[in-house]
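# A structural walkthrough
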Amino acid sequence: MSDSSRPFRLCVVCAGNICRSPIAETVIRSRLADAGLGRLVVVDSAGTGGWHSGEPADHRALAALTRRGYDGSAHRARQFRRDWFDDVDIVLALDRENFADLYALAPDDDARARIQLLRSYDQLALAAEDTDVPDPYYGDDDAFEQVLVMIETAADGLVEAIRDELSQPLDPDLAGR
């Protein structure tokens, strides 16, 4: 996938890029830094739709992140573009609908092969065939908390897979904090 001349790149994608994907971007970036991979991996997020472009993350997403010690305040929504497939090693869809939208947008088989469901990195979710992260937008604060827990669990598996992909041992000095 990634060559040594550039960082490994991943983009997390949901529908509007104000709830699930900013939570996932923030959590994954933090977990990668904790694992000593922060300088080796670039994490971004986007939405399949552009109706929230330029907006910050939903206040409930930011509150959920803050309660768990994360800072997502710098986030601004944007829409995933077809040409981004050229620069991304993994595109992480948050649900099957996002996956299908990305699959249809992908320019070729190589790009389609890079699209994955985030929760496919959660072995229990994968075994239960429950790989969608539900959209909490129309829910309450508890819905955002549940989504955050799902994402944290999947992020742990993702970090291990990226470490294996990059063949990098754990090195706290590379945390990038």
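Notes on the structure follow. (Residues numbered from 1 in each chain as written. Predicted model: local features only at pLDDT ≥ 70, side-chain atom pairs only at ≥ 80, totals over all residues. Heavy atoms only, no water.)

### Observations regarding the packing of aromatic side chains
Stated precisely, the cut-off is as follows: Only Phe, Tyr and Trp rings take part, Trp by its six-membered ring, and two of them pair if their centres are within 6.5 Å. Stacked means planes under 30 degrees apart, edge-to-face means over 60, and tilted covers everything else. Only DSSP runs of H or I with at least four residues qualify as helices, and only runs of E with at least two residues qualify as strands; both kinds are numbered from the N terminus onward. Buried, partly exposed and exposed residues are distinguished by accessible area as a fraction of the type maximum, computed with a 1.4 Å probe on protein chains only: under 20%, between the cut-offs, and over 50%, respectively.
Following the criterion strictly, the structure yields four aromatic pairs and no others. For the pair Phe80 and Trp84, a centre-to-centre distance of 5.2 Å together with 75 degrees between the ring planes defines the contact as edge-to-face. On the numbers, 6.1 Å between centres and 15 degrees between planes, the contact of Phe99 with Tyr103 is stacked. Of this pair, Phe99 and Tyr103 both sit in helix H3 (residues 96–105), separated by four residues, roughly a single helical turn. In this structure Tyr103 comes out as partly exposed when scored by relative accessible area, which is 41%.

### Here we look at the packing of helix H2 (residues 59–67) against helix H6 (residues 141–166)
The condition that has to hold: Angles shown run from 0 to 180 degrees and are taken between the N-to-C directions of axes, each axis being a line fitted to C-alpha atoms and, for helices, limited to the stretch in contact. In what follows, roughly perpendicular refers to angles from 65 to 115 degrees, roughly parallel to angles under 35, roughly antiparallel to angles over 145, and oblique to any angle outside these ranges. Crossings are classed by handedness, with left-handed meaning an anticlockwise turn of the near helix from the far one by less than a right angle and right-handed meaning a clockwise turn. It only takes one pair of heavy atoms within 4.5 Å for two residues to be counted as in contact. Think of it as three bins: nonpolar holds Ala, Val, Leu, Ile, Met, Phe, Trp, Tyr, Cys and Pro, charged holds Asp, Glu, Lys and Arg, and polar takes everything else, Gly as well.
One way to put it is that H2 packs onto H6 with a least axis distance of 9 Å and a crossing angle of 55 degrees. By the angle between their axes, H2 is oblique relative to H6. Every pair of crossing elements has a handedness; the one defined by H2 and H6 is right-handed. Between H2 and H6, the contacting residues are Arg60, Ala61, Ala64, Leu65 and Arg67 on the first element and Asp141, Phe144, Glu145 and Leu148 on the second. Residues that form the contact of H2 with H6 fall into these classes: five nonpolar, no polar and four charged.

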